[in-house]
Amino acid sequence: MANWTGRTEEIADLKQWLNNPNIPLIGIEGIGGTGKSMLATKIYEDEEITGFKKRFWADVSYGAVFTDVATQVLQEFGFAVPNNEQDLLPTLIQYLKENEILLIIDNVESLLTQKRAWGSQFYQDFFNTWVEFGSKSKVIITTRERPKIPKFQWLNLGGLKVEDGVALLKELGITGNLTEFVELVDGYPLLLKFVADLLIEEYPQDPDLKRLTSLGLGNLQQLLTDEKVVGVHRRENVGMVLVLDASFGRLSDLQKSLLLNISIYRAAVNSHGASFVCSDISQSEIETELRNLVRRSFLSEKLIDDHRYYQFQPVILEYVRYQAGNQTELHHQAINYYRSIAQESGWQTKEDIQEYLEIFYHFYQLEDYDLAFETIRHCDNFLTLRGYYANRVELYGQLVSKWSRTNDKENWHYTASLTSLGNAYQSLGQYQKAIEYHQQSLDIAREIGDVRRESSSLNNLGNAYDSLGEYQKAISFHYESLEITREIGDIEGESSSLNNLGLAYDSLGEYQKAISFHQQSLNIAKEIGDIRGESYSLNNLGLVYDSLGQYQKAIAFYQQSLDIKREIGDIGGESNSLNNLGNAYKAMGNYKQAIDKFRESLKICNETKNIRMQAENWFDIGETLEKVNRQSDAIKAYKNSQQLYTRVGIDFKIKDCQDAIVRLS
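A brief report on the enclosed structure follows. (Residues numbered from 1 in each chain as written. Predicted model: local features only at pLDDT ≥ 70, side-chain atom pairs only at ≥ 80, totals over all residues. Heavy atoms only, no water.)

1. What to know about the environment of Glu 29
With respect to the helices and strands, the residue Glu 29 is situated in strand S1 (residues 25-29). When its relative accessible area of 15% is taken as the criterion, Glu 29 is described as buried. Residues in contact with Glu 29, not counting those within four places in the same chain, are Lys 36, Thr 143, Arg 144, Glu 145, Arg 146, Trp 154, Leu 155, Asn 156 and Leu 157. Polar contacts involving the side chain of Glu 29 include one to the side chain of Arg 146, which spans 2.7 Å. (Helix = DSSP H or I, 4+ residues; strand = E, 2+ residues; numbered from the N terminus. Buried < 20%, exposed > 50% of the residue type's maximum accessible area, 1.4 Å probe, protein only. Contact = heavy atoms within 4.5 Å. Polar contact = N/O pair within 3.5 Å; in protein donor to acceptor, adjacent residues only side chain to side chain.)

Written as structure tokens, this is what we have:
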């Protein structure tokens, strides 16, 4: 930014669009090196241009998961982050609608497939929703590829105007026929900066453009005007590669080795991380050369927790990785680095397992999907209990997409990934998607004769249909599962099937059957020491006694279940038990205590993004507020519930909300 020149017209256009209430989303599109991020930075840093006091910058070039970005935005401005991942999208949209925020999402091309479709359903849902309902805030993206989303306002960014390019070269201390050179390279700012850095480094006393000949760039004009060359490659790309070749060629062997090796990392790296892939160089030398490479524009520098980290611009990273060629050994070295700093236990947030996510990435790049699976499986229980369901969808979805092409049905990692993916969608309230993946798992299990997997898939299908209110269908699946578990002596699976049958019969009002199944499940869980299964059985027994009007007995079971869930860190289960306690207190007329429990549950649901449970909590809050004659507050609660139930597609619950709103209006 110290050498900023030009872009007057582009800034004027952006300022006009930012002030237009009918333009919620602006895209800055251009090839690598045009200065998209730099222009966005200029807009971001100049409040006079934007008028936005609250601003947030998200760089997604290294595979940032949507839930992480959304969480960071809400936390940055002190807004409550929902406990349930399912609620994160509507919460972020609502916050952006009601507040004046400038959100810049940089390097969006990394989120797209080769056909310019979204690689992540969560980002796609966000952008589609925002262009439809955006309000006070503005979202700006930078990208090399234009995504397939309507209602964008696009700025197609090219090079600098000749006079602005000349001004930039003068500012950098370059002499010679500046006008001719800027015209030749179409004013691409990164290319101009690289040429300037190269000349100043090699000829500090006389950084004249005529020196380019001695640097191997004497044929630049010839190549950029050669129809055969330009006909195969875009002219600006040819120029960038030629200048990068010359700049890279003038680096020392140590600098080249350092660049090639650290290009294995997708995230910013410090000197310690660099030393793992450059074992023959001292860490002090590495730190010195990293700073030199920043001066040569190959790297940019940023401070994280008062420590220096270094990263590539995407276009430079592509070039360096191309130069590096086969990086198999480097991927293994990166894996060793992350293993050396990985936190073994005591995880509290996703940042605590970030090293395992990086290990997953490197195994995935090595096409060792089995070890990638084992890596994420190591953290799976944590991700599930902490409610990181969208992350599980992203990770297992990548594995399933690969294995579905090879159709390696004998590989249990494949079917396990299908099951995990289905369960993640189930937790997110996307039941049809859950059914799709559980059915695939069931089909494979039957085809290869894996009866244990067949039983598990049947149980999971039953759970999905139960969530949709199709109880007879759910019971049918659970009975099939129960029969198999008993045949093969799978006691834990038997306990699970019994529990699920109890839930379905409770929903049908057949309470004695429900109690019998839950009690059988509880006995087995205690017998085999399955404390998590025990907590579920206790909670489910509470549900049945609640249905029978025996509220004190129900509360006792709920509380036992809640204590266990808190002990094992099952925050999703904790939310469920709190919600059930709230309903029991509501039935007893203890409305204040009921609302307190519902709000405790809702807080967790917001964090874990469980949309289904959020909707249920809001409905229960509405019913309780209605009991104490707070009609206007009750209507708001019912509307929140209706919106969330609409998202997960539960029609009979949507109708219940509509009926309540009509009744109170």
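Moving on from the model shown.
2. Overview of the state of the cysteines
Going through the model one piece at a time under the given rule, you end up with zero disulfides. Lacking any disulfide linkage, Cys 657 is separated from the closest cysteine sulfur, that of Cys 605, by 15 Å. (Disulfide = S-S within 2.5 Å.)

3. Side note on the packing of aromatic side chains
Summed over the entire model, instances satisfying the criterion amount to 30 aromatic pairs. A centroid spacing of 5.5 Å and a plane angle of 85° characterise the contact between Tyr 44 and Trp 57, whose relative ring orientation is edge-to-face. Here Tyr 44 is found in helix H2 (residues 36-45), whereas its partner Trp 57 is found in strand S2 (residues 54-59), with 13 residues between them in sequence. A residue is classified by how much of its surface remains accessible, and Trp 57, at 23% relative accessible area, is partly exposed. Both rings, one in Phe 66 and one in Phe 126, keep their centres 5.6 Å apart while their planes meet at 35°; by these two values the pair is tilted. (Phe/Tyr/Trp six-rings, centres within 6.5 Å; stacked < 30°, edge-to-face > 60°.)

4. Digging into a negative patch on the surface
Together, Asp 370, Glu 374, Asp 408 and Glu 410 make up a region of like negative charge exposed at the surface. Tracing the sequence through the fold places Asp 370 in helix H19 (residues 369-385). (Patch = residues over 30% accessible without salt bridge, like charges linked within 9 Å, V, L, I, M, F, W, Y side chains within 5 Å. Areas by Shrake-Rupley, 256 points an atom, 1.4 Å probe, with all protein chains shown as cover. Salt bridge = Lys/Arg side-chain N within 4 Å of Asp/Glu carboxyl O. Lys, Arg positive; Asp, Glu negative; His and termini not counted. Charge placed at Lys NZ, Arg CZ, Asp CG, Glu CD.)

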